[in-house]
Amino acid sequence: MINKLLERYLRNETVRQNEGLELIASENFASREVRNLCGSVLTNKYAEGFPGKRYYGGCQNIDDIEQLAIDLLCQLFDAKYANVQPHSGSSANMITYYALLNPGDTILSLSLDEGGHLTHGSPVNFSAKYYQILHYHLGNDARIDYDKLEELALEKRPQMILAGFSAYPFEIDFARISAIAKKINAIFMVDMAHIAGLIAGGVHSSPIPYADVVTSTTHKTLRGPRGGIILTNNEEIIKKINKATFPGLQGGPLENIIGAKAQCFYEASLPTFKDYARAIVTNTKMTANTFAQLGDVVSGTENHLFLLNTKKSFGLTGLESEKMLEEINVTVNKNMLPGDQERPSITSGIRIGLAALTTRGLDEAGAEAVAQLIHDFLSQKINKEEAQTRVQIIVKKLKNIEEL
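Below: a short report on this structure.

### Examining helix α4 (residues 89-100)
Because an α-helix completes one turn every 3.6 residues, residues spaced three or four positions apart along the sequence face the same direction.
Stage number 1. Taking 1.5 Å of rise per residue, 12 residues should cover 16 Å, and α4 covers 17 Å from first to last C-alpha, within 8% of that figure.
Stage number 2. With nine of 12 residues buried, α4 lies mostly within the body of the structure.
Stage number 3. Of the positions making up α4, those classed as buried are G89, S91, A92, N93, I95, T96, Y97, A99 and L100.
Stage number 4. Its side-chain oxygen at 3.4 Å from the backbone nitrogen of S90, S88 defines the N-terminal cap of α4.

Spelled out as structure tokens, the structure:
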């Protein structure tokens, strides 16, 4: 019997997800099959080690499932080797640093306030405590300045160059950064957590041919369970990665989540997933373009997300905008903008992503309506009650999350 409070909270969260507009770029809705595997009997099994080399008995079926996940993942991204055990994207990054770097080595990455991730060297994160962090920057066009990146790399000669982001709305030139890394004999690592689903769907270039090692989450645009993965075409690197995973930094893998990852990789290999990936990009461009046409300050986009400068557009901080939108069941997150003068807890803008709503069947007309709604509400052209009504009009055209 489920605890009554848990039952109530779960019901409330189900209602929230069904009746709201989910625009957090790092969130998505997993299929029923993925969710069922997360809650399956696989959660009962301890399986320290790797397929064929376990420290517990009774792992025959577990080995088959984990090896299937590895095989499907390698096929999906055309890679030779994979590790599917990291508990999260942050864990995958930690494992990779631990495997390939020494404490005090230098990592060259994009800073958090210009679109990078906490684990790419934020001062409050473990990555900045164990490694020397240098940051390359964006140019005046808000895109990575590859010339300055190369100058900095040649001058400082870091042991690793890291490409990846949590709020960068443009494609990354993986070939260019790879060439720079080769010039200084640095490891080239890509964190593709946000764009993995777009790569799998064929609407974004892949880092696999260029990077020494690639990490990712399995949720976000890939639409799987919460977890991490690591890919490489280098046999020596995968040996180091596996050793760093277990016994280095993790114990027993979460085999229920690995089973769900295998299902996720299978789903991402289907033709319908390519349609989904194309729809994400189309919807994101429509939403961003609508804001721009309405006179709002947006970053532009080439993927599944963009940044909206709420301070210039509406005179509101990112935090104020996030809280206001939550009152009408629209979920976004405050986000630092390039050159932001506000604190990370306040920010001058919000990040908007369309992957989750696209999963529920949002089309271009719906994407346009979402932008118009947010613009009208944050500019106080409509009140809370009218905004909530317009949210429900959009929601009624979407799939129920239990049906996915």
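Now that the structure is up, let's keep going.
### So, the packing of helix α15 (residues 364-378) against helix α16 (residues 384-395)
To describe two helices that pack against each other, one gives the angle between their axes and the distance between the axes.
Stage number 1. Where α15 contacts α16, the axes come no closer than 10 Å and their chain directions differ by 170°. Taken together, α15 and α16 sit at an angle that is classed as roughly antiparallel. Contact with α15, carried on its side by A369, V370, Q372, L373, D376 and F377, involves K384, A387, R390, V391 and I394 of α16 and no other residues of that element.
Stage number 2. Here the contact of α15 with α16 is composed, by residue class, of seven nonpolar, one polar and three charged.

### With respect to unusual backbone geometry
Stage number 1. Following F246, the chain continues to P247 via a peptide bond in cis, the omega torsion being 15°.
Stage number 2. A positive phi angle, close to 50°, is found at R157, a residue other than glycine.
Stage number 3. Positionally, R157 belongs in the loop between α6 (146-156) and β7 (160-164).

### Points about the packing of aromatic side chains
Stage number 1. Counting across every chain of the model gives eight aromatic pairs.
Stage number 2. With a centroid separation of 5.0 Å and 10° between ring planes, the pair formed by Y46 and Y56 is classed as stacked. Remark: Y56 occurs in the loop between β3 (53-54) and α3 (60-77) and Y46 occurs in the loop between α2 (32-38) and β2 (49-50); sequence separation between them is 10 residues.
Stage number 3. On the accessibility criterion, Y46 (46% relative accessible area) is partly exposed.
Stage number 4. Look at Y56 and you get partly exposed, because its relative accessible area is 36%.
Stage number 5. Taking the centre distance of 6.1 Å and the plane angle of 45° together, the rings of Y97 and F126 count as tilted. Note that Y97 is positioned in helix α4 and F126 in helix α5 (residues 126-130), a separation of 29 residues in sequence.
Stage number 6. Take Y97: its relative accessible area is 0%, and that puts it in the buried class.
Stage number 7. The cationic tip of R143 hangs over the ring face of F170; the distance from NZ or CZ to the ring centre is 4.0 Å.

### Some details on the sheet that holds strand β10 (residues 228-232)
Stage number 1. The sheet built from seven strands is open, its strands ordered β4-β10-β9-β8-β7-β5-β6 with mixed pairing. One side of each edge strand has no neighbouring strand; the edge strands of this open sheet are β4 (81-83) and β6 (132-136). Strand-to-strand twist of the sheet, defined as the mean angle between neighbouring strand axes without regard to direction, takes the value 20°.
Stage number 2. Inspection of the sheet shows strand β5 (residues 106-110) paired to β6 by five bridges, in the parallel sense. Residue S109 lies in a different strand from β6, and its bridge partner there is H135.
Stage number 3. Sitting on the sheet, helix α7 (residues 174-183) touches β7 and β8 (187-191), and the angle it makes with β8 is about 150°.

### Quick word on the sheet that holds strand β15 (residues 349-353)
Strand pairs in the sheet, formed through backbone hydrogen bonds, run parallel or antiparallel to each other.
Stage number 1. Pairing within the open sheet is antiparallel, and its four strands lie in the order β11-β12-β15-β14. Sheet topology places β11 (297-298) and β14 (333-335) at the edges, where each strand pairs with a single neighbour.
Stage number 2. The sheet strands contacting helix α13 (residues 318-326) are β14 and β15, and the helix crosses β15 at an angle near 50°.

### Here's the deal with the nonpolar core
Stage number 1. Core analysis: the biggest nonpolar cluster contains 60 residues, and F77, I161, I172, M192, L222, L231 and F265 have the highest contact counts within it.
Stage number 2. Examining the composition of this core, we find that seven residues originate from one element, α3, more than from any other.
Stage number 3. Not counting the four nearest positions on each side in its chain, I161 is found in contact with L108, A153, I177, I180, A181, I184, A186, I187, F188 and M189.
Stage number 4. Ranked by size, the runner-up nonpolar core spans 30 residues in total, among them V332, L378, A387 and L398.

### Concerning α7
Stage number 1. Listed as buried for α7 are F174, I177, S178, I180 and A181. The arc enclosing the buried residues of α7, seen along the axis, measures out at 160°, which places them on a common side. Turned more than 90 degrees away from the buried face of α7, the exposed residues are K182 and K183.
Stage number 2. Buried-residue contacts for α7 involve α6, β7 and β8.
Stage number 3. Positive backbone phi, at 60°, marks N185, one or two positions downstream of α7.

Conventions and cut-offs
Residues numbered from 1 in each chain as written. Predicted model: local features only at pLDDT ≥ 70, side-chain atom pairs only at ≥ 80, totals over all residues. Heavy atoms only, no water. Helix = DSSP H or I, 4+ residues; strand = E, 2+ residues; numbered from the N terminus. Expected span 1.5 Å × (residues − 1). Buried < 20%, exposed > 50% of the residue type's maximum accessible area, 1.4 Å probe, protein only. Polar contact = N/O pair within 3.5 Å; in protein donor to acceptor, adjacent residues only side chain to side chain. Axes fitted to C-alpha atoms, helices over the stretch in contact; angles between N-to-C directions. Parallel < 35°, antiparallel > 145°, perpendicular 65-115°, else oblique. Contact = heavy atoms within 4.5 Å. Nonpolar A, V, L, I, M, F, W, Y, C, P; charged D, E, K, R; others polar. Phe/Tyr/Trp six-rings, centres within 6.5 Å; stacked < 30°, edge-to-face > 60°. Lys NZ or Arg CZ within 6 Å of the ring centre and 35° of its normal. Pairing = 2+ DSSP bridges. Core = buried A, V, L, I, M, F, W, Y, C linked by side-chain atoms within 4.5 Å. Arc of directions from axis to C-beta.

Just distances and angles here, no functional claims.
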